[in-house]
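If you want the building blocks of each chain, they are given just below.
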Amino acid sequence: MKQSPFVDRTNLHVAVIMDGNGRWAAQRGLPRLMGHRAGAEAVRRTVEAAPELGIRYLTLYAFSSDNWKRPAPEVNGLMRLLSSYMRSEAANCYRNGVQVRVIGRRDRLQPQVLEAVRAAEILTRPCNRVFLRLALDYSSRDAIIAAAQRLAGTGDFSREGFSRALGQSIGLDGTTPDVDLLVRTSGEQRLSDFLLWECGYAELYFTPLLWPDFNAAELERAVREFHSRNRRFGAVAAPAIVSEHLLASGD
Ligand code: IPE
Ligand code: IPE
Ligand code: MG
């Protein structure tokens, strides 16, 4: 793998828009909820594969604020699935050093969902091998507005201050690290209101695979592709800096 001088290879922040559960089910003549169930298995595989690949922060888009527009049976089924995932996976996450946090709004979640979320967060709070963030009732634009409201009147207009306020607005204590790699499955190529501020310099990776088919090998493929990219952050690529230096020194 080609090394990028800008990349800390052990602290990657990977964010995933887990899309395509409905189409996966439709292709099999199954109800959409079966696709979501199979999607939960893919979440488990992805979380397990993360540490080996140098992923420290893993942010998964589980339910957007716009997903409330879906039919009630699908929304309720998704909420049930999310609660049972939290309940069944919390101990596993704890054993594997995975800290679970839910980001997004909490005031519209059903009490049973909230309870499962809180239990998983409390159990895994001491873990720090991987920081797993599940975006639930999440809207990046709403989070940005909430952060701006927090900052109004403080006079702090720094990027750091804004990042901190943004983290707080989605329920995190510290600063939200920038996303290094954003993956979206199912062939769609859009952000759907996910981590708009945090993805300012993210590398984008789109795969036609439907989310329930995602696995460790696919995550590794995405991370490999990420490492082959040349991130410049507006500067000049590293090899060019070296050759200019050689030219200047006359070597
Ligand atoms: C992603 O799969 C899961 C959620 C949005 C909750 P979809 O349910 O959006 O699946 P498609 O896009 O309809 O195939
Ligand atoms: C984005 O997928 C939300 C999640 C994956 C949870 P959607 O399927 O809701 O996005 P659109 O509607 O295709 O943009
Ligand atoms: Mg979709």
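Just so it is clear, the model here is predicted, and its values are computed rather than measured.

Participant: How do you make sense of the packing of helix H5 (residues 140-151) against helix H6 (residues 159-169) when you look at a structure like this?
Facilitator: Angle between the axes and distance between the axes: these two values describe a pair of packed helices. Remark: H5 packs on H6, axes separated minimally by 8 Å, with the N-to-C direction vectors making an angle of 115 degrees. In the crossing of H5 with H6, the sense of the turn from one axis to the other is right-handed. Taken together, the residues of H6 that come into contact with H5 (itself represented by Ala-143, Ile-144, Ala-146, Ala-147, Ala-148, Arg-150 and Leu-151) are Gly-161, Phe-162, Ala-165, Leu-166, Gln-168 and Ser-169. Along the lines of polarity and charge, the residues of the contact of H5 with H6 split into 9 nonpolar, 3 polar and 1 charged.

Participant: For this particular structure, what's the right way to read the nonpolar core?
Facilitator: In a soluble, globular protein the nonpolar side chains are often hidden away together inside. The biggest cluster of nonpolar side chains holds 45 residues, and the ones touching the most others in it are Ile-55, Leu-58, Leu-60 and Leu-136. Per-element accounting of this core gives the leading share, 8 residues, to helix H3 (residues 72-95). Sequence-distant contacts of Leu-60, that is, excluding residues within four places in its chain, are made with Val-16, Met-18, Val-43, Val-47, Leu-132, Arg-133, Leu-134, Ala-135 and Phe-194. Listed in part, the 20 residues of the second largest apolar core include Phe-162, Leu-166, Val-179 and Phe-194.

Participant: What should I look at first to understand the layout of surface pockets in this one?
Facilitator: A probe as big as a water molecule, rolled over the atoms, marks out the empty space that is left. For the largest pocket, the calculated volume is near 590 Å³. Taken together, 27 residues form the lining of the largest pocket, with Met-18, Asn-21, Tyr-61, Ala-62 and Asn-67 sitting closest to its centre. For the lining of the largest pocket, the elements supplying multiple residues, two or more each, are helix H1 (21-27), helix H2 (32-49), strand S2 (55-64) and H3. Top element by residues in the lining of the largest pocket is H2. It accounts for 5 residues. Here the lining of the largest pocket is composed, by residue class, of 13 nonpolar, 8 polar and 6 charged. The computed volume of the second largest pocket comes to approximately 260 Å³. Every residue lining the second largest pocket is listed: Arg-159, Glu-160, Ser-163, Thr-175, Thr-176, Asp-178, Trp-197, Gly-200, Tyr-201 and Phe-233. Across the lining of the second largest pocket, the residue classes break down as 3 nonpolar, 4 polar and 3 charged.

Calculation notes
Residues numbered from 1 in each chain as written. Chains lettered and ligands numbered in written order. Predicted model: local features only at pLDDT ≥ 70, side-chain atom pairs only at ≥ 80, totals over all residues. Heavy atoms only, no water. Axes fitted to C-alpha atoms, helices over the stretch in contact; angles between N-to-C directions. Helix = DSSP H or I, 4+ residues; strand = E, 2+ residues; numbered from the N terminus. Left-handed = near helix turned anticlockwise from the far one by under 90°. Contact = heavy atoms within 4.5 Å. Nonpolar A, V, L, I, M, F, W, Y, C, P; charged D, E, K, R; others polar. Core = buried A, V, L, I, M, F, W, Y, C linked by side-chain atoms within 4.5 Å. Buried < 20%, exposed > 50% of the residue type's maximum accessible area, 1.4 Å probe, protein only. 1 Å grid on protein atoms, 1.4 Å probe; cavity = no way out; pocket = protein on both sides within 12 Å on 5 of 7 lines; lining within 4 Å. Points joined across faces, edges and corners; volume = space filled by probe spheres on them.

Note that every value here comes from positions in space, so none of it alone points to a role or purpose.
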